[in-house]
Amino acid sequence: DTPSLALLVPILMRGLRDRNVKSKQMAAQIVGSICKLVSDTNDLVPYSKKLIEQVKNIVPDNSPAVRKVAAQALGSLYAGLGDGSMPGVMDQMLDVLRGRTDAVERSGAALAVAHLLVVMGSEAVNKMLPDILDGVRDENPSVREGFANLFITLPDAFGEKFVPYVPNVLKAILTLLNDKSVEVRSLVLNAGHSIASIYTATNQIESVLPTLDNGLLDSAWRTRMGACHIMGTYLCNLAGAKGTVVVPMADNDDMNDGPDEGKEGAKITSSKMHNVMAHKIGMKRRDRILATIYLMLSDGNSMVANTSWRVWKALVVNSPATLTSIFPTLINKIIKSLASNDDGEQHSAGQALGGIVTKMGVAVLKTIVPL
């Protein structure tokens, strides 16, 4: 009621202004819930302007936890009080993404945009997605970075409701993996890993896997390498080994990095993983993807080859057994690559064939010679 709000709101305002992270976080959580707690949202109107302004002030907080809770609170206030109490708030957040702001401010604004769009609904997302895709193609790298943040925040905020938009977002991510800016590449790679961890349900696979599959064959080496990173994470998550298989080093210009021991998925046997993958995506598709990753071990770019090796080792415990399992598919891919007009593809296929002959000997010849 009104008397209770008169006592509570000043306390919340002090909490939102407090330097203590926990105080700001708890105050923002209460503000986010306040519209649900009051019997009549009109009772909040006298305090709404001050609350909204203070919440907006902590959206770019240095603490990621505060930024996230503040963005959620902003979305909750928008849902409870309506657009009339928060005119232009979306445009303000988009201006931050476009402006000369730092990475923390852009991250907070992207969180706020995502939670505002959750309240506005799918129609607003449909309207804004073309602008987002234009934003990540902007000439200014800071603008590209700002809008690329939305590729992390939108899937996290929307969950399964974002599935229809995943293919277009993934295509943009794969393109941005070849961006000139290190910050943009690192950001979109994290976004790709995030999508690979969220959308693993059987009815979501077709929104993710075909785009990643195409990325493995891209002509740009950074895109191939990034797609391999994300594919490894996705396949492990599909098989039940939750986590990110390969995580980029923030200070490495070329994303050449090893597995993050703290985030690598739970260890499961190779045979179990492959059986689960075959059940979820089909044996033919599983074999084709594993064959592609194996061919990438011989990629002409050493960065791609090293990354593919790490992903292969994360997915495969017993290489000889796996090669035997995928052998017909692998040989067909090698033969097609040998007949390609691309010199790099021919070289990789020749290297891969030489490696297989070394490992498997006569068994390979018996299969190849009749062909």
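Residues numbered from 1 in each chain as written. Predicted model: local features only at pLDDT ≥ 70, side-chain atom pairs only at ≥ 80, totals over all residues. Heavy atoms only, no water.

Undergrad: Hey, could you run me through the overall build of the protein chain in this one?
TA: Looking only at helices and strands, one finds 19 helices and zero strands in the protein chain. Within the span of the protein chain, comprising 371 residues, buried residues form 52% of the whole. Residue pairs at least 24 apart in sequence account for 66% of intrachain contacts in the protein chain once pairs closer than 6 positions are excluded. Within the structure as shown, the protein chain displays about 17,300 Å² of accessible surface, and the carbon and sulfur contribution to it stands at 52%. (Helix = DSSP H or I, 4+ residues; strand = E, 2+ residues; numbered from the N terminus. Buried < 20%, exposed > 50% of the residue type's maximum accessible area, 1.4 Å probe, protein only. Contact = heavy atoms within 4.5 Å. Areas by Shrake-Rupley, 256 points an atom, 1.4 Å probe, with all protein chains shown as cover.)

Undergrad: Before we go on, may I ask you to explain the pattern of salt bridges in this structure?
TA: Opposite charge on two side chains permits pairing when their charged atoms draw close. Inspection of the entire model under this criterion finds 11 salt bridges. The residue Arg285 makes a salt bridge to Glu206 at a minimum N-O spacing of 2.8 Å. Of the two residues, Arg285 is situated in helix H15 (residues 283-296) and Glu206 in helix H12 (residues 205-215); the sequence distance between them amounts to 79 residues. Residue Arg286 is joined to Asp287 by a salt bridge in which the shortest nitrogen-to-oxygen separation is 2.7 Å. (Salt bridge = Lys/Arg side-chain N within 4 Å of Asp/Glu carboxyl O.)

Undergrad: Just checking my understanding: could you explain helix H10 (residues 166-176) for this structure?
TA: Structurally, the α-helix is built with 3.6 residues per turn, so residues lying three or four positions apart point the same way. All of the buried residues along H10 are Val166, Val169, Leu170, Ala172, Ile173, Leu174 and Leu176. Check the buried side of H10 and you find it contacts helix H7 (122-135), helix H9 (150-158), helix H11 (182-198), H12 and helix H13 (221-238).

Undergrad: Would you mind showing me how to read the layout of surface pockets here?
TA: Rolling a probe over the atoms, with the probe sized like a water molecule, indicates the empty space that remains. Its volume calculated, the largest pocket comes out at about 600 Å³. Of all the elements in the fold, those that place two or more residues in the lining of the largest pocket are H15, helix H17 (319-338) and helix H18 (343-360). Counting residues per element, the lining of the largest pocket draws most heavily on H17, which supplies five residues. Along the lines of polarity and charge, the residues of the lining of the largest pocket split into five nonpolar, nine polar and eight charged. (1 Å grid on protein atoms, 1.4 Å probe; cavity = no way out; pocket = protein on both sides within 12 Å on 5 of 7 lines; lining within 4 Å. Points joined across faces, edges and corners; volume = space filled by probe spheres on them. Nonpolar A, V, L, I, M, F, W, Y, C, P; charged D, E, K, R; others polar.)

Undergrad: What is the right way to look at helix H4 (residues 64-81) in this model?
TA: Relative to the 26 Å expected for 18 residues at 1.5 Å per residue, H4 spans 26 Å between its end C-alpha atoms, a close match to the ideal helical length. Taken as a whole, H4 has its buried residues at Val66, Arg67, Val69, Ala70, Ala71, Ala73, Leu74, Gly75, Leu77, Tyr78 and Leu81. Those residues of H4 that are buried are in contact with helix H2 (21-37), helix H3 (45-58), helix H5 (89-98) and helix H6 (103-120). In the segment just after H4, Gly82 is the residue with positive phi, at about 85°. (Expected span 1.5 Å × (residues − 1).)

Undergrad: I'm lost on the packing of aromatic side chains in this one. Help?
TA: The geometry of an aromatic ring pair is captured by the separation of the ring centres together with the interplanar angle, meaning the angle of the planes. The final tally for this structure, using the stated rule, is three aromatic pairs. For the ring pair Phe162 and Tyr165, a centre distance of 5.3 Å and an interplane angle of 40° mean the geometry is tilted. Note on accessibility: Phe162 and Tyr165 belong to one class, buried. Cluster of aromatic residues (ring-pair linked, three or more members): Phe158, Phe162 and Tyr165. (Phe/Tyr/Trp six-rings, centres within 6.5 Å; stacked < 30°, edge-to-face > 60°.)

Undergrad: What should I look at first to understand the environment of Ile173 in this one?
TA: Position of Ile173 among the secondary structure elements: in helix H10. Spatially, the C-alpha atoms of Ile173 and Thr223 are 9.0 Å apart, while their sequence positions differ by 50 residues. Filtering out sequence-adjacent residues up to four positions away, Ile173 remains in contact with Phe151, Val188, Ala191, Gly192, Ile195 and Ile230.

Undergrad: Would you mind showing me how to read the confidence of the model for the protein chain here?
TA: The predicted coordinates of low-pLDDT regions are not to be read in fine detail. With 89% of its residues at a pLDDT of 70 or more, the protein chain shows a mean pLDDT of 86. Ranking the elements of the protein chain by mean pLDDT puts helix H19 (residues 362-368) last with 63 and H10 first with 96. Here residues 246-268 is modelled with pLDDT under 50, and outside its nearest four sequence neighbours on either side it reaches 53 contacts, counting other chains as well. (pLDDT = per-residue confidence, 0-100.)

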